[in-house]
Amino acid sequence: MVHVQLGPRERSQISLAGIKLHYVESGDPSKPLMIFLHGFPEFWYSWRYQILEFKKDYWCIAVDMRGYGDSERVEDVSAYKLNLLIDDIKYLVKELGREKCILVSHDWGGAIANAIRNSYPEIVSALIMLASMSTAASIHEIWNNSKQFLMSWYFFLFRLPWLPEQFVSMNDLEIHDKILLVPGNTYVDKQDVECYKYWFCKPYALTPPINYYRANFDYIANDKYYKDNVPMLVVHAAKDLYINKTVLEAMKKQYEYIETVIVDGVGHALQQHDPDRINKIIRDFLAKNNL
């Protein structure tokens, strides 16, 4: 059993264009800003190993995304459109007094971080996406790759009213046990899983995260080619049950500047299941780009 001591850190809330976001910060505010964006169904805690590693050299901000954890939960499905999720982070960077940041992201957080990179490349020093894909690559692969179509079954389920909430909450939120508890892994234990269940068992805690899927489903991919020189790393987990490795090739067709890595032996929650290896991949990428 591994217990992570993050050291000095603060929990803060900030009001951004009509919504309150909660985040945890650690590190020296005079150092480069590194923002962590989590995925579904998680909250800032999924970055505990990365905060511990990178707080020495960066000002680390791990956000509870809109509708998650201690951040505000807006009821309307339309409140979770991608453009609003992008603006949350854009305004966060501004409110923190910075012009640029390094974005480290996972799953849905990666889709949002990627969209920020596309819309506002001037505020992104570098983008790291773990077990994630751009929305364009996602749409392309779902409709053109039968394997990814089957792996994305939950995209279609989560479009429905009320049923997804019932599905995710089944058997005491067993979805967290299935994603996080891997035989032989010592980095995630039942206490960690209980941290997630504590948040997601609260009233109305599941609907906002599922609304991300309801608000952002599309049939047509953006085929724009991006030449902006923003350092970009996409890390794929070889045992990911939700993302096929062909997504990497689809994303290479979108970006002139992109690096990809496939990590053997890990699944979707790679930054929690093998933090030492993932942290080294991130650090090496940043060092290579003088960040």
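In case you missed it, the structure is sitting above this.
Notes on the structure follow. (Residues numbered from 1 in each chain as written. Predicted model: local features only at pLDDT ≥ 70, side-chain atom pairs only at ≥ 80, totals over all residues. Heavy atoms only, no water.)

### A word on the nonpolar core
Applied cut-off: The nonpolar core is taken to be a set of buried Ala, Val, Leu, Ile, Met, Phe, Trp, Tyr and Cys residues, with the residues joined through side-chain atoms within 4.5 Å. Partly exposed describes any residue whose relative accessible area lies between the buried limit of under 20% and the exposed limit of over 50%, with all areas from a 1.4 Å probe on protein chains only and scaled to the type maximum. Note on contacts: a residue pair qualifies if any of its non-hydrogen atoms lie within 4.5 Å across the two residues.
Judged by nonpolar contacts, the single largest core of 98 residues is most densely connected at Ile 35, Leu 103, Met 251 and Leu 286. Filtering out sequence-adjacent residues up to four positions away, Leu 286 remains in contact with Met 34, Phe 54, Tyr 58, Ile 102, Ala 126, Ile 128 and Leu 291.

### Looking at empty space enclosed by the protein
Condition: Only protein atoms enter the 1 Å grid, on which a cavity is a set of points fitting a 1.4 Å probe that cannot get out and a pocket is an open set with protein on both sides within 12 Å along at least 5 of 7 lines, lining residues being those with an atom within 4 Å of a point. Grid points are joined across faces, edges and corners, and a volume is the space filled by probe spheres set on the points. Secondary structure elements are defined from DSSP: runs of H or I of at least 4 residues count as helices, runs of E of at least 2 residues count as strands, and each element is numbered from the N terminus. When residue character is reported, Ala, Val, Leu, Ile, Met, Phe, Trp, Tyr, Cys and Pro are called nonpolar, Asp, Glu, Lys and Arg charged, and the others, Gly included, polar.
Within this structure, the stated rule accounts for 2 cavities of 30 Å³ or more. Volume-wise, the largest cavity comes out at about 340 Å³. Taken together, 20 residues line the largest cavity, and the ones lying closest to its centre are Trp 108, Ala 111, Met 133, Ser 138 and Phe 155. Those elements giving two or more residues to the lining of the largest cavity turn out to be α3 (108-119), α4 (135-144), α6 (153-157) and α9 (207-215). Residue classes in the lining of the largest cavity are distributed as 13 nonpolar, 5 polar and 2 charged. Estimates place the volume of the second largest cavity at around 30 Å³. For the lining of the second largest cavity, a count of residues per class yields 4 nonpolar, 2 polar and 1 charged.

### Considerations on helix α2 (residues 82-95)
Put simply, the rule is: One fewer than the residue count of a helix, multiplied by 1.5 Å, yields its expected span.
For α2, spanning 14 residues, the distance from its first C-alpha to its last is 20 Å, which sits close to the expected 20 Å at 1.5 Å a residue. Three or more residues of α2 are buried, namely Leu 82, Leu 85, Ile 86, Asp 87, Asp 88, Ile 89, Leu 92 and Val 93. A positive phi of about 80° marks Gly 97, the residue just after α2.

### Brief notes about the layout of surface pockets
The space that makes up the largest pocket amounts to roughly 590 Å³. Considering the residues around the largest pocket, the lining is formed by 26 residues, among which Ile 175, Lys 178, Ile 179, Leu 241 and Tyr 242 are closest to the centre. Listed by contribution, the elements that provide at least two residues to the lining of the largest pocket are α6 and α7 (163-180). No other element matches the 8 residues that α7 contributes to the lining of the largest pocket. In this structure, the second largest pocket occupies an estimated 320 Å³ of space. In terms of lining residues, the second largest pocket is bounded by 20 residues, among which Leu 82, Ala 115, Thr 135, Ala 136 and Asn 222 are the most central. Secondary-structure elements contributing two or more residues to the lining of the second largest pocket are α2, α3 and α4.

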